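# A closer look at the structure
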Amino acid sequence: MDLGKYVALFLTDGREHLQQCNALLLEWERAPSAAEPVAGLFRAIHTIKGMAATLGYTRLTELSHALENLLAAVRDGGVPATPDLIDTCFRAVDAIDRLPAIRGNSV
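A brief structural summary.

About the thresholds
Residues numbered from 1 in each chain as written. Predicted model: local features only at pLDDT ≥ 70, side-chain atom pairs only at ≥ 80, totals over all residues. Heavy atoms only, no water. Core = buried A, V, L, I, M, F, W, Y, C linked by side-chain atoms within 4.5 Å. Buried < 20%, exposed > 50% of the residue type's maximum accessible area, 1.4 Å probe, protein only. Helix = DSSP H or I, 4+ residues; strand = E, 2+ residues; numbered from the N terminus. Contact = heavy atoms within 4.5 Å. Salt bridge = Lys/Arg side-chain N within 4 Å of Asp/Glu carboxyl O. Expected span 1.5 Å × (residues − 1). Arc of directions from axis to C-beta.

## Concerning the nonpolar core
A general trend in soluble globular proteins is that nonpolar side chains are found buried together. Counting residues in each nonpolar core, the largest one holds 31 residues, and the members touching the most others are Phe10, Trp28, Leu60, Leu67 and Leu71. Among the elements that make up this core, the one with the highest residue count is helix H2 (residues 36–55) (nine residues). When neighbours within four sequence positions are excluded, Leu67 is seen to be in contact with Ile45, Cys89, Ala92, Val93 and Ile96.

## Comments concerning the pattern of salt bridges
If you walk through the whole model with that rule in mind, you get five salt bridges. One salt bridge in this structure joins Arg91 and Asp87, with 3.8 Å as the shortest N-O distance. Here Arg91 pairs with Asp87, and both are found in helix H4 (residues 83–98), just four residues apart, close to one helical turn. Its salt-bridge partner being Asp97, residue Arg103 comes within 3.4 Å of it at the nearest N-O pair. Through salt bridges with shared partners, a single ionic network connects Arg15, Asp97 and Arg103.

## Points about the environment of Ile102
Note on placement: Ile102 falls in helix H5 (residues 100–103). Ile102 sits in the buried class, given a relative accessible area of 1%. When the C-alpha positions of Ile102 and Gly77 are compared, they lie 30 Å apart, and in sequence the two are 25 residues distant. Those residues in contact with Ile102, other than ones at most four positions away along the chain, are Phe10, Leu11, Gly14, Arg15, Leu18, Leu60, Ile96 and Asp97.

## A word on helix H3 (residues 58–75)
For H3, built from 18 residues, the straight-helix expectation of 26 Å at 1.5 Å per residue is met to within 8% by its first-to-last C-alpha distance of 25 Å. Within H3, burial applies to Leu60, Thr61, Ser64, Leu67, Glu68, Leu71, Ala72 and Val74. Seen end-on, H3 carries its buried residues on one side only, within an arc spanning 150°. For H3, exposure combined with an orientation more than 90 degrees from the buried face picks out Arg59 and Glu62. Considering only its buried residues, H3 is in contact with helix H1 (4–30), H2, H4 and H5. Where H3 terminates, the next one or two residues include Gly77, which has phi positive at roughly 90°.

Shown next as structure tokens:
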């Protein structure tokens, strides 16, 4: 199967999801008790993870999965939304953004 068209779609969609993540993180930072930013972040990261897994981008899949699990724990009330946790999420999104797979470089 030729994955070329899927890679191109992933690069476009992945960049859009990362932009959405940054906007949602800023929203969450302003209102740490709000549920909507966490839910939106979870969906965006879940989508990135799924697309990355389909294309075989292991490092991107693993990092996205770890962030997805953290966001699920916040969403489900098991982990409180603290400034340090939100900062960790900012760093995780930045790390995802720096991975070669999301930038269209060889993996």
